[in-house]
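The lines below spell out each chain.
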Amino acid sequence: MDWGQGQYELVAEQLLPAAVVVVDIADPLGDETVVDVGCGTGNGALTAAERGATVIGVDPAARLLEVASAAADERDLDAEFVLGEAESMPVSNAEADVVLSVFGVIFAADPKAAAAEMARVLAPHGRMLVAAWIPGGAVSKAVRLARETVAEALGEPAPAPPFPWHEQPALSDLFGAHGFEVSIEEHGISITARSPEEFVDRESQSHPVAVAARPAVERAGREEELRRGLLEIYREANEDPAAFKVTSRYVVAKIDPSP
């Protein structure tokens, strides 16, 4: 899927607080190099660069890299943005003091290859951090409904569950083979809008996944059905009767070389 579709930069604005949390935990120093895997429009990369680190952002979506690069230039930050997949990054062996990914590597098609690649670019005694969504909650339910609707519209089986990037045992298996230990801590982030209707309509127009799914849903005549289903989920979960607010939970995994 092309994450350059739609306007992911609008989605990324809501997710910036999570990037700040990850960078705070990473605590990059001024003489360190940070690699941001699946950097998108640069939330994590730009935040790390503001702390004085030298940053390399890697993403497969060329348009998002252009947005991130323009922001770095505008803010005079030491950040380079390069085209690449999590499974194959144009970064030298052991180049990074910090490897981080804020809701990026979780979309890698091959988690094992992505983990091996992240381990390859991390310097000895470096540190790695990954933010991943915890299933459950309104946004998770809405994404599942959308994925199932698209699969039905295409006459395909329901999509298989993704790799559980939020689970410590799964991450320990994934990174343990490369000599790392994993610990996780939970966090929450608020997603807001003026109303549930505004949020659903904004996401349908801006989120790359929604934009990619729209043609199949429209051909099947199920666009309004899906919108009603999404609104039902978000209205039931809304935490702000005067507007719209839902809280999504996520983990930050600290992945460190074994002693």
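Residues numbered from 1 in each chain as written. Predicted model: local features only at pLDDT ≥ 70, side-chain atom pairs only at ≥ 80, totals over all residues. Heavy atoms only, no water.

Asks: Outline the environment of Ala49, supporting the account with residue identities and numerical values.
Replies: Tracing the backbone through its elements, the reader meets Ala49 in helix H2 (residues 43–50). Measuring from C-alpha to C-alpha, the distance between Ala49 and Val23 comes to 9.9 Å, with 26 residues separating the pair along the chain. (Helix = DSSP H or I, 4+ residues; strand = E, 2+ residues; numbered from the N terminus.)

Asks: Pulling in residues and values, what's your account of the side chain of His207?
Replies: Within the secondary structure, His207 is located in the loop between helix H7 (196–206) and helix H8 (208–219). Given a relative accessible area of 17%, His207 falls into the buried group. In this structure His207 touches Trp3, Val11 and Arg202, once residues within four positions along its chain are discounted. (Buried < 20%, exposed > 50% of the residue type's maximum accessible area, 1.4 Å probe, protein only. Contact = heavy atoms within 4.5 Å.)

Asks: Describe the sheet that holds strand E7 (residues 244–257), listing the residues and the values that go with them.
Replies: Here we have seven strands laid out as an open sheet, ordered E3-E2-E1-E4-E5-E7-E6, and mixed in their pairing. Unpaired on one side and paired on the other, strand E3 (79–83) and strand E6 (180–193) mark the two borders of the sheet. Within this sheet the neighbouring strands show an average axis-to-axis angle of 20 degrees, counted without direction. With five bridges connecting them, strand E2 (residues 54–59) and E3 associate as parallel partners. When the sheet's bridge partners are listed, Val55 is paired in E3 with Ala79. With respect to the sheet, helix H6 (residues 168–176) is in contact with strand E5 (122–133), E6 and E7, its orientation differing from that of E6 by roughly 130 degrees. (Pairing = 2+ DSSP bridges. Axes fitted to C-alpha atoms, helices over the stretch in contact; angles between N-to-C directions.)

Asks: Tell me what's going on with helix H5 (residues 137–154), and back it up with residues and numbers.
Replies: For H5, which comprises 18 residues, the first-to-last C-alpha distance of 26 Å matches the rise-based estimate of 26 Å (1.5 Å per residue) to within 8%. Listed as buried for H5 are Ala138, Ala142, Thr149, Val150 and Ala151. Along its buried surface, H5 packs onto H8, helix H9 (223–237) and E7. Directly after H5, the chain includes Gly155, whose backbone phi takes a positive value near 70 degrees. (Expected span 1.5 Å × (residues − 1).)

Asks: Go over the nonpolar core with me, naming the residues and quoting the values.
Replies: Residues Val35, Phe81, Val99, Val105, Met118, Trp165 and Phe175 are the most contacted members of the largest nonpolar core, which totals 84 residues. Residue contributions to this core peak at nine residues, all from helix H1 (residues 8–26). Sequence-distant contacts of Val105, that is, excluding residues within four places in its chain, are made with Val37, Ala86, Ala114, Met118, Val130 and Trp165. (Core = buried A, V, L, I, M, F, W, Y, C linked by side-chain atoms within 4.5 Å.)

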